[in-house]
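Structural overview for review
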Amino acid sequence: MFFITNTRATANLERTVLKQSGAVLVNVTSSRWSKTGANGGDFTLNTKKQALTGKILANNISKVKLALTDGSSWRGSLNEDNQADSASIALDRSSSWELTANSYVTSISDKDASFANIKSNGHNIYYDASQNSALAGRTIDLPGGGKLLPQTKG
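**With respect to the overall build of the protein chain**
- Broken down by element type, the protein chain carries zero helices and 16 strands.
- Taken over the C-alpha trace, the protein chain has a radius of gyration of 15 Å; the compact-globule value for 154 residues is 15 Å, and the two agree within 12%.
- Across its three principal axes, the protein chain shows a C-alpha extent of roughly 45 × 40 × 25 Å.
- Across the 154 residues of the protein chain, 45% fall into the buried class.
- A sequence separation of at least 24 residues applies to 44% of the contacts in the protein chain between residues at least 6 apart.
- Working note: accessible area of the protein chain is about 7,800 Å², and carbon and sulfur atoms make up 46% of it.
- Distance between charge centroids for the protein chain: 4 Å, based on 17 positive and 12 negative side chains.

Written as structure tokens, this is what we have:
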């Protein structure tokens, strides 16, 4: 649906009907444009009252941020191949994330401190402990049998 390369972009979606083919919602990566190694993307996706489905991917020189607000829902994985330079997600209390695979995040913030709005389906979210001081390196059980687990990036 979204292919971002060699640019910084922001998309703000509210009650938008998306018709995508395939399993990838967002791919932030380098491509043939510009200088190899310096042509990654930087993408922010902000949602309000939005339903999303699909994987969000980024390569090792690309960044992706997702904000789910105002009752947004997303069914998918974030950086499941653990390749992104950075991958961040923020949820408010009224929004939800249903995991379809393990996900690797640089930072995660959730206004629901219990993380009850994340349905894991047995999958884990691995977070960069150095970028999430509020989590204090804790392992947190998620609804559905998965966990929110610290990892040291590097």
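Next comes the rest of the write-up.
**So, unusual backbone geometry**
- If you check the backbone angles, D70 has positive phi at about 55 degrees while not being a glycine.
- Counting through the fold element by element, D70 comes out in the loop between β7 (63–69) and β8 (73–76).
- Phi at N79 takes a positive value of approximately 55 degrees, unusual for a residue other than glycine.
- Relative to the helices and strands, N79 is located in the loop between β8 and β9 (86–91).
- With relative accessibility at 3%, the residue N79 sits in the buried group.

**Re the sheet that holds strand β15 (residues 140–141)**
- The strand order across the open sheet formed by four strands is β11-β14-β16-β15, and the pairing between neighbours is mixed. A strand with exactly one partner marks an edge of an open sheet, and here the two such strands are β11 (103–105) and β15.
- Judged from the two bridges that link them, β15 and strand β16 (residues 147–151) form a sheet pairing that is antiparallel. Along β16, the bridge assignment pairs D141 with K147.

**Structural notes on the nonpolar core**
- Residues W74, I89, W97 and I108 are the most contacted members of the largest nonpolar core, which totals 33 residues.
- Setting aside chain neighbours within four positions, we find I89 in contact with L66, L68, W74, L78, W97, V105, S107, I108 and S109.

**Topic: the pairing of strand β3 (residues 24–28)**
- Note: strand β1 (residues 2–4) against β3, three bridges, orientation parallel. For F2, the partnering residue across the bridge sits in β3 and is V26.
- Summarising the sheet, β3 and strand β6 (residues 55–58) pair through four bridges and their orientation is parallel. Residue V24 lies in a different strand from β6, and its bridge partner there is K55.

**Thoughts on the packing of aromatic side chains**
- One pass over the structure, following the stated rule, counts three aromatic pairs.
- Each ring, one from W74 and one from W97, has its centre 5.0 Å from the other, and the planes form 15 degrees; the classification is stacked. Of this pair, W74 sits in strand β8 while W97 sits in strand β10 (residues 96–99); the two residues are 23 residues apart in sequence, bridging distant segments of the chain.
- Residue classification places W97 among the buried residues on the basis of a relative accessible area of 1%.
- Centre to centre, the rings of Y104 and Y126 are 4.9 Å apart; their planes meet at 15 degrees, and the pair counts as stacked. Taken together, the positions of Y104 in strand β11 and Y126 in strand β14 (residues 125–128) put the pair 22 residues apart, joining distant regions of the chain. Neither residue differs from the other here; Y104 and Y126 are each classed as buried.

Here is what the cut-offs are and how they apply
By convention here, each chain's residues receive numbers from 1 onward along its written sequence. With the structure being a predicted model, the display of local features is reserved for residues of pLDDT at least 70 and the display and counting of side-chain atom pairs for 80 or more, all residues being used for whole-chain, interface and lining totals. In computing side-chain values, all of the structure's heavy atoms are included and hydrogens and water are not. Only runs of H or I of at least four residues qualify as helices and only runs of E of at least two qualify as strands under DSSP, and these elements are numbered from the N terminus. Computation of the radius of gyration draws on C-alpha atoms, with the globule rule given as 2.2 Å multiplied by the number of residues to the power 0.38. For the exposure calls, accessible area comes from a 1.4 Å probe over protein chains only, and a residue counts as buried if that area is under 20% of its type's maximum, exposed if over 50%, partly exposed in between. Note on contacts: a residue pair qualifies if any of its non-hydrogen atoms lie within 4.5 Å across the two residues. The protein chains shown are the only cover counted for residues, whose accessible areas, like all others here, come from Shrake-Rupley with a 1.4 Å probe. Under this rule, positive means Lys or Arg and negative means Asp or Glu; His and the chain ends count for nothing. Charged groups are reduced to one reference atom each: NZ for lysine, CZ for arginine, CG for aspartic acid, CD for glutamic acid. Only strands joined by at least two bridges in the DSSP assignment are considered to pair. Definition of nonpolar core: a set of buried residues of the types Ala, Val, Leu, Ile, Met, Phe, Trp, Tyr and Cys, connected through side-chain atoms within 4.5 Å. Only the six-membered ring of Trp is used, alongside the rings of Phe and Tyr, when aromatic pairs are assigned; centres must lie within 6.5 Å, and planes under 30 degrees apart are stacked while those over 60 apart are edge-to-face, with the rest tilted.

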